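Now for the letters of each chain:
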Amino acid sequence: MYKKKWIAYVMIIPMLVFLSVFLLYPFWVNIKNSFYKFESMLDKNPVFIGLDNYKTMFTDKVFLGSFINTLILIGLVLIFQVGIALILALLVNSITKFNSFFKVTFFMPIVVSATALGLMFNLFYDYNYGMFNQILLIIGREKIFWKDPQNLNRLFTLIVSPVIWQYIGFYFVIFLTGLSGLSKEILDAAEIDGCSGLQKVRYIQIPMIKNITRIVIVLGITGTLKVFDLPYIISPNGYPNGKTHFLGTYMYDKAFNSVDIGYAAGFAVFIVIAGILFSFISNMIFRQDHDL
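As the structure is a prediction and not an experimental result, all values here were calculated from the model.

Visitor: Describe unusual backbone geometry, and please don't skip the residues or the numbers.
Guide: For residues besides glycine, phi is generally negative; the peptide bonds are generally trans as well. Residue Pro-240 is bonded to the preceding Tyr-239 through a cis peptide linkage, with omega at -5°. With respect to the secondary-structure elements, Pro-240 resides in the loop between helix H12 (229–234) and helix H13 (247–257). We note that Asn-241 has phi near 55°; this positive angle belongs to a residue other than glycine. Relative to the helices and strands, Asn-241 is located in the loop between H12 and H13.

This is the structure in structure tokens:
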């Protein structure tokens, strides 16, 4: 089979065609559209405006706010989402009983659709019947209007919390797979030499999954740049007044609510460039170690 190269081409060509039709060509059209001004979704004769969409982008206060919100979310994802996933993976990897139970439990939020999770958290935040206010009533406290537009910090927290929570299990599984593949002989030798549990984690396990950590960080950054569903369900249209927009939600708002196709296309190009740039930076910081 390995001597017959045509078999490899037969398997590869359909995927190349699929990527070309549904990824490369649409992305090229999107880049082209970012240089035009569209009057409607069906405008067949858009006006060429050059770099005006990109110039407008960097003078748009809502865009700058959405970009800052996205950068904050990236920081929170790297600290809490990736950090908690790593801690959970280290804990589960160190036990034998109920190992499978924890794997399924922590991965469960990934199985549930983001739309369902968004609606569920909206119910939690409901003023009259939400779970959070019912808990406050039980402990003798007054109900809170959780989505108070005057309290942007709390509103932002309510939006990003389910986003961070949903994908902890995904990165947990990746970390756990890497930890389970480490050489048991090295860990046993460390124990014989008197290495404590924390010392094994710090000096052996974490350094040996450096390459996996790099991949997880890249996935976390690129996934955050295009986050859309949960924030848009919990806080539609960047409520209030676009102050809780992220890059993905603002791009959608411009494309389908304002019907500014060219401007939204510029957003998409910016998100791709930002993803490549941030991925390059993270790869430079966490250089791949071929010895691990």
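Here the narrative resumes.
Visitor: Summarise the packing of helix H3 (residues 61–93) against helix H11 (residues 210–225); cite the residues concerned and give the values.
Guide: Closest axis-to-axis distance for the H3/H11 pair is 9 Å, and the angle between their directions is 145°. Crossing hand, H3 versus H11: right-handed. Residue-level inspection shows Thr-70, Leu-73, Ile-74, Val-77, Leu-78 and Val-82 of H3 in contact with H11, the latter providing Val-216, Ile-217, Gly-220, Ile-221, Thr-224 and Leu-225. Of the residues in the contact of H3 with H11, the class split is 9 nonpolar, 3 polar and no charged.

Visitor: Outline the side chain of Ser-66, listing residues and values.
Guide: Mapped onto the fold, Ser-66 is located in helix H3. Accessibility expressed as a relative area gives 0% for Ser-66, which makes it buried. In contact with Ser-66, not counting residues within four places along its chain, are His-245, Phe-246, Leu-247 and Tyr-250.

Cut-off values and rules
- Residues numbered from 1 in each chain as written.
- Predicted model: local features only at pLDDT ≥ 70, side-chain atom pairs only at ≥ 80, totals over all residues.
- Heavy atoms only, no water.
- Helix = DSSP H or I, 4+ residues; strand = E, 2+ residues; numbered from the N terminus.
- Axes fitted to C-alpha atoms, helices over the stretch in contact; angles between N-to-C directions.
- Left-handed = near helix turned anticlockwise from the far one by under 90°.
- Contact = heavy atoms within 4.5 Å.
- Nonpolar A, V, L, I, M, F, W, Y, C, P; charged D, E, K, R; others polar.
- Buried < 20%, exposed > 50% of the residue type's maximum accessible area, 1.4 Å probe, protein only.

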